[in-house]
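Overview (structure and organization)
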Amino acid sequence: MAATFISLNNPDSACVHSSIAWVSPSIPLFIQTSNSFSTTSQHYPYASVCRFVRSPVDVISAVDVPSVSTSSETLWNARETEEFLPPGILVSLLHECSSLDAAKEALSIVVQSGYESDTYVGTNLVQLYSRLNNLSEACRMFNKVEEPNVITWTSVISAHSKLGQEEQGLRLYHQMQESGIEPDGHAVVSALHVCASITALEEGMQIHDYIVESGFESNTYVGNALVSMYASCGSIEEASTAFFKVPSQDVITWSALIGGYAQQGCEQEAFELVKTMWQHGVEPNHVTYVHVLEACSNINAVLEQGMLAHACIVENGFDEDEWVGSALIDLYAKSGLLEDALKVFDKLPRRDVVTWTALITGFAQEDERLAQTSLCLYERMQIEGIQPNNVVYLSVLKACAILTDLDYGQEVHEWIVLRGWDEHVPVSNNIIDMYMKCGRAEDASHLFAKLSEQNVVTWTSLIMGHAELGNGDIALELFYQMEQDGIEPDLRSYVCVLKACSCVAALQQGMAFHRNIIKRGFELDDYVGSILIYMYSSCGNLSDAVAVFERLESRSVVIFNALITGYAKNNSFNLAVKTFNEMERCKCKPDAVTFLSLLIACSNLSLVKEGCYLSKLMRKYAILPKLDHYNTLVDIFGHAGLLHESEDLLETMPFKANTVGWVSLLSSCRSFRNMVVGRRCFERVVTIEPLNSVGYVLMSKIYSLVGEQENARRLEQLRLSLKAWKVPGRSYIEVNNEVHTFVVGGWGHPRSQEIYARLDEVFRKLKEEGPLPHLIGKPVMDKGDDSCEHSEMLAVGFGLIHTPRGKTLRIMKNLCTCVDCHSSMLFISKTEKRKIVLIDKFCVHEFKTGVCTCSSHYYRA
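What you see is a predicted model, and the numbers here were worked out from it, not measured in a lab.

Looking now at the overall build of the protein. When you go through the protein residue by residue, the secondary structure sums to 45 helices and nine strands. Here the protein holds 861 residues, and the buried ones make up 53% of them. Of the contacts made within the protein by residues no fewer than 6 positions apart, 65% connect residues no fewer than 24 positions apart. Accessible surface, the protein: about 38,600 Å² in total, of which carbon and sulfur atoms supply 52%.

Let us now look at the pairing of strand S6 (residues 809-813). With five of its five residues buried, S6 lies for the most part within the structure. Neither face of S6 is open: one carries Leu809, Ile811 and Lys813, the other Arg810 and Met812, and all of them are buried. Pairing analysis gives three bridges linking strand S4 (residues 730-735) to S6, with the strands arranged antiparallel. Each residue of the ladder has a partner; that of Tyr732, found in S6, is Met812.

It is worth spelling out the packing of aromatic side chains at this point. This model, assessed by the stated rule, comprises 18 aromatic pairs. Grouped by ring-pair contacts, the aromatic residues Phe479, Tyr480, Tyr494, Phe513 and Phe522 constitute a single cluster. Taking NZ or CZ as reference, Arg555 lies 4.3 Å from the ring centre of Phe549, over its face.

For the rest of this paragraph, the subject is the side chain of Thr152. Locating Thr152 in the fold gives a position in helix H8 (residues 150-162). Look at Thr152 and you get buried, because its relative accessible area is 0%. Side chain to side chain, Thr152 and Asn149 meet in a polar contact 2.8 Å long. Thr152 has contacts with Thr119, Thr123, Phe142 and Val145, leaving out every residue within four places of it along the chain.

This structure, assessed with the given rule, holds 25 salt bridges. In this structure, Arg551 engages Glu523 in a salt bridge whose closest nitrogen and oxygen atoms are separated by 3.3 Å. Of this pair, Arg551 sits in helix H31 (residues 542-551) while Glu523 is found in the loop between helix H29 (507-520) and helix H30 (526-538), placing the two residues 28 residues apart along the sequence. Arg551 sits in the partly exposed class, given a relative accessible area of 44%.

The next point concerns the UniProt feature "repeat: PPR" (unreviewed entry) in the protein. This chain's UniProt record puts "repeat: PPR" (unreviewed entry) on residues 149-183, 250-284, 352-388, 455-489 and 556-590. Within residues 149-183, the helical portion is 74% and the strand portion 0%, while the C-alpha atoms at the span's ends are 10 Å from each other. Helix and strand shares over residues 556-590 are 74% and 0% respectively, and the end C-alpha atoms of the span are 10 Å apart.

Within the secondary structure, Thr119 sits in helix H6 (residues 119-131). Not counting residues up to four positions away in its chain, the partners in contact with Thr119 are Val145, Glu147, Asn149 and Thr152.

A cluster of nonpolar side chains, contributed by Leu691, Leu718 and Leu722, occupies part of the molecular surface with about 250 Å² of accessible area. Within the secondary structure layout, Leu718 lies in helix H41 (residues 709-721). Of the residues examined, Leu718 reaches a relative accessible area of 38% and is grouped as partly exposed.

By the element assignment, His286 lies in helix H16 (residues 286-298). The exposure class assigned to His286 is partly exposed, which follows from its relative accessible area of 27%. Here the alpha-carbon distance between His286 and Phe318, two residues 32 residues apart in the chain, equals 6.4 Å. If sequence neighbours within four positions are ignored, His286 has contacts with Phe318, Asp321, Trp323 and Val324.

Here we come to the nonpolar core. Of all hydrophobic cores here, the largest spans 228 residues; its most connected members are Ile207, Val396, Leu476, Ile533 and Leu665. Excluding residues that lie within four positions of it along the chain, Val396 makes contacts with Ile360, Leu375, Tyr378, Tyr408 and Val412. Residues Phe742, Ile755, Phe827 and Ile828 belong to the second largest nonpolar core, which totals 27 residues.

Here we come to the packing of helix H40 (residues 693-705) against H41. In a pair of packed helices, the angle between the axes and the distance between the axes together describe the arrangement. With their axes 7 Å apart at the nearest point, H40 and H41 run at an angle of 165° to one another. Taken as axis vectors, H40 and H41 run roughly antiparallel relative to one another. Both H40 and H41 take part in a crossing whose hand is left-handed. Here Ser693, Tyr696, Val697, Met699, Ser700, Tyr703 and Ser704 of H40 lie close against H41, whose contacting residues are Gln709, Asn711, Ala712, Leu715, Glu716, Leu718 and Arg719.

Over its 13 residues, helix H32 (residues 557-569) extends 18 Å from the first C-alpha to the last, a length consistent with the 18 Å expected when each residue adds 1.5 Å. Among the 13 residues in H32, eleven count as buried, and that is most of the element. Listed as buried for H32 are Val557, Ile559, Phe560, Asn561, Ala562, Leu563, Ile564, Gly566, Tyr567, Ala568 and Lys569. The inward-facing, buried residues of H32 contact H30, H31, helix H33 (573-585), helix H34 (592-604), strand S7 (836-839) and strand S8 (844-848). The positive-phi residue at the C-terminal boundary of H32 is Asn571, with phi of around 60°.

Compared with an ideal rise of 1.5 Å per residue, which puts 13 residues at 18 Å, helix H26 (residues 456-468) spans 18 Å between its outermost C-alpha atoms and is within 8% of the ideal. Summarising burial for H26: eleven of the 13 residues are buried, a large majority. Within H26, the full set of buried residues consists of Val456, Thr458, Trp459, Thr460, Ser461, Leu462, Ile463, Met464, Gly465, His466 and Ala467. For H26, the elements touching its buried residues are helix H24 (425-437), helix H25 (441-450), helix H27 (472-484) and helix H28 (491-504). Near the N-terminus of H26, the side chain that reaches the backbone nitrogen of Val457, with its oxygen 3.1 Å away, is that of Asn455. Looking at the residues trailing H26, positive phi occurs at Gly470, about 90°.

Pairing is mixed across the open sheet formed by six strands, whose spatial order is S5-S4-S6-S7-S8-S9. Each of the sheet's edge strands pairs with one partner strand only, and the pair in question is strand S5 (738-743) and strand S9 (851-852). As paired elements, S4 and S5 share six bridges and run antiparallel to each other. Residue Glu734 lies in a different strand from S5, and its bridge partner there is Val739.

Cut-offs and rules
Every chain begins its residue count from 1, and numbering advances along the sequence as written. With the structure being a predicted model, the display of local features is reserved for residues of pLDDT at least 70 and the display and counting of side-chain atom pairs for 80 or more, all residues being used for whole-chain, interface and lining totals. Side-chain measures here rest on the full set of heavy atoms in the structure, leaving out hydrogens and waters. Where helices and strands are cited, they refer to DSSP runs of H or I of at least four residues and of E of at least two residues respectively, numbered from the N terminus. Between buried and exposed lies partly exposed: a residue is buried under 20% and exposed over 50% of the maximum accessible area for its type, with that area taken using a 1.4 Å probe on protein chains only. Only heavy atoms enter the contact rule, under which two residues are in contact if any of them lie within 4.5 Å. Working definition of accessibility: Shrake-Rupley area with a 1.4 Å probe, residue cover restricted to the visible protein chains. One bridge is not enough; two strands pair if DSSP finds at least two bridges between them. Classification of ring pairs uses Phe, Tyr and Trp, with its six-membered ring standing for Trp, and accepts pairs whose centres are within 6.5 Å; under 30 degrees between planes counts as stacked, over 60 as edge-to-face, and the remaining range as tilted. Placement of a positive charge over a ring is assigned whenever Lys NZ or Arg CZ falls within 6 Å of the ring centre and within 35 degrees of the normal to the ring plane. Throughout this description, a polar contact denotes any pair of N or O atoms lying within 3.5 Å of each other; where both atoms belong to protein, one of them has to be capable of donating a hydrogen while the other can accept it, and for residues adjacent in sequence the pair is counted only when both atoms sit in side chains. Take a side-chain nitrogen of Lys or Arg and a carboxyl oxygen of Asp or Glu: if they are within 4 Å of each other, that pair is a salt bridge. UniProt positions are given in the numbering used here, feature names are shortened, and annotations may be inferred rather than shown by experiment. Distance thresholds for patches are 9 Å for like charges and 5 Å for nonpolar side chains (Val, Leu, Ile, Met, Phe, Trp, Tyr), applied to residues having over 30% relative accessible area and no salt bridge. For this analysis, a nonpolar core means a set of buried residues of the types Ala, Val, Leu, Ile, Met, Phe, Trp, Tyr and Cys, connected via side-chain atoms within 4.5 Å. Simply put, an axis is a line fit to the C-alpha atoms, just over the touching stretch for a helix, and the angle between two N-to-C directions goes from 0 to 180 degrees. Angular relationships are summarised with four words: roughly parallel below 35 degrees, roughly antiparallel beyond 145, roughly perpendicular across 65 to 115, and oblique for the angles in between. Handedness of a crossing is defined here by the sense of rotation of the near helix relative to the far one, left-handed for an anticlockwise turn of less than a right angle and right-handed for a clockwise turn. Between the first and last residue of a helix there are one fewer steps than residues, each counted as 1.5 Å, and that sum is the expected span.

What follows is the structure, given as structure tokens:
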């Protein structure tokens with residue numbers, strides 16, 4: 001039987017503070033009093049040896065290797081010879097394991113020796129799999145232990161806390177108490193850490209009551225955990241009270257309170273506490289500096305306090321600490337100083353997972369070049385043998401989403417499942433987000449359905465994904481389902497559902513959400529305010545968009561941009577410029593988005609002179625034009641018939657032209673029937689994206705317009721053979737707070753017969769009056785007539801049937817409306833005395849008494 005040795009000559013030794021706690025009831029205890037050993041005749045359980053330590057909380061979770069020397073070769077030979085090993089040697093073996101494969105081998109030896117259910121060995125197995133980030137195996141090992149003690153329970157609670165299952169960790173803490181095992185100092189500290197992680201203040205306060213009853217409150221270790229818990233939960237007053245009750249406030253106590261102030265945005269108070277700590281003769285440690293850097297990061301004070309803190313860190317020798325280095329990297333990355341972040345990283349002698357995490361996270365930003373760098377750093381991290389944690393996976397999934405790199409994202413997903421992180425809710429949320437960003441809604445929904453826990457963030461990820469894919473009707477259904485399941489929407493949920501309303505012109509539902517937002521007190525939030533402005537303007541309701549703008553007390557660049565974008569989409573260039581001038585008067589500096597919105601307004605109305613002026617004005621604000629700005633200029637020139645100027649701009653701009661620019665020019669070539677320039681554009685499009693269906697469709701139309709029907713037919717056949725499928729036309733109309741969806745040729749709709757009958761009546765009247773020469777001679781309501789079966793016309797027909805005469809029809813289409821449908825709506829608005837608001841891919845058309853706000857000149861393919 002293995003023996004455990006305890007030295008009493010040095011009560012502060014790691015042996016006393018760790019090995020004592022892990023003495024198994026089945027192992028004899030040897031007490032070293034001098035140079036010889038005396039053997040006790042009885043077996044000491046955990047409680048009886050605690051008198052040798054200063055307090056129960058000195059029992060820490062790490063298990064020292066028993067003082068039985070044995071080589072790995074001996075241990076592994078035991079497996080071959082089927083030799084039964086004692087617990088002490090088995091624990092030595094478990095401590096040598098550094099991979100899941102090694103753990104599997106070691107576990108087989110444990111099973112072979114018959115100690116899988118032993119409390120001592122089982123506890124170490126739980127800790128082993130926790131250390132290897134495999135929560136499922138840690139739980140399995142815990143369930144194998146026949147008589148788990150407080151140490152076993154604490155180990156599995158800590159494993160859940162460490163591996164992102166904090167709520168379950170808290171449930172296990174209560175389950176431990178229900179099983180009759182009283183928590184010790186280490187158990188309550190672990191539970192307090194869980195409460196801090198999930199900001200479970202009420203649970204933390206209940207644990208505090210137990211701490212007071214059990215007499216642990218006077219212990220510095222427990223007191224520090226209490227300060228940290230209250231601070232993390234945002235209860236600074238209680239954190240301060242707990243701070244002053246700690247009998248001896250060490251650097252950990254001070255750092256916990258400083259961290260609390262930093263996390264709650266009380267940066268100046270945090271800085272003052274650091275000064276007071278110095279005055280009390282307590283030297284800052286690496287944790288203190290991490291919190292100071294966090295405070296600097298919160299106020300973006302990298303050029304002042306941040307630089308000063310960095311200098312102090314170097315002076316006091318903490319610049320080589322991984323945690324401090326990670327905080328510095330995070331500070332510089334958040335401030336956009338990525339080169340400085342890399343310099344700090346390169347100077348660190350050791351780089352652990354935290355350091356790598358800070359750097360990878362810093363580069364995982366909404367920029368394709370930076371996101372690509374983030375993936376390269378992730379690969380480099382793995383090459384250096386650093387095991388990724390859940391935060392790394394969050395950043396890598398975000399980078400894959402930004403790059404819409406489905407293959408890489410699926411590969412990362414496989415690694416996440418292999419390492420057991422797929423049950424971690426934030427990671428699962430990011431996997432869903434990645435699939436949605438890559439257009440794989442079915443995969444995202446499948447993963448969502450399999451999750452054992454679906455919180456508001458999970459639901460919101462799915463809702464946002466569908467909204468961004470243009471599936472606003474599905475997003476709305478998901479939002480209502482979330483509410484039915486008892487999940488309370490948060491601010492981000494409302495942002496997502498407002499975007500969904502924008503996608504399908506669900507103005508009535510958007511207004512209802514707006515009322516809920518006002519009740520919740522979210523309306524004054526900058527981001528929510530901008531989304532409300534965007535929602536109203538996208539639905540063609542500029543008056544309410546302006547009303548939201550006027551009610552906002554503070555107007556940031558985001559708010560101004562939202563209104564300018566709304567005016568641009570609604571063909572109101574003069575109002576967009578007026579808002580821009582007001583922005584300048586308010587000394588709110590415009591950004592790249594501001595000018596892009598103004599240029600789009602110019603494009604919608606073919607304002608070449610104004611567009612050129614705005615592009616030059618960008619220099620005044622030191623804003624470098626991006627590819628989107630150049631593409632919009634190409635659109636402005638092309639729309640005005642300046643095809644050669646557009647082509648020259650695409651050839652000479654400082655960016656490599658993408659398909660957006662060439663397709664824009666190709667569309668202009670169609671409008672002006674220029675086959676020569678059109679062919680060159682088409683060649684560029686298919687070179688960049690061989691399966692881009694829009695290029696084939698536009699070029700085929702150009703051939704048809706110039707009379708080359710054979711070439712048009714051949715190009716269409718080529719498109720079909722390549723399976724370059726067209727995006728199907730889809731339109732939405734909201735009637736009685738319900739969104740109805742129509743697709744091109746939608747004969748499958750339950751009311752299709754009534755819809756076609758109503759449209760047939762309209763078109764017969766149109767044909768009789770003959771105001772539209774290009775429609776005369778076409779078969780009325782023939783299923784082969786594209787202009788009759790376009791999705792927006794079906795939505796109009798549905799609206800005419802199901803709404804009272806004079807009611808405004810509001811329709812959203814995912815593509816651009818064609819000239820035939822545009823002309824038909826002019827006619828319907830006049831004869832049916834209806835206002836029709838049609839929101840297509842490029843702008844808002846408002847038809848009234850036979851006139852459209854787009855001046856009837858804005859058509860695209």
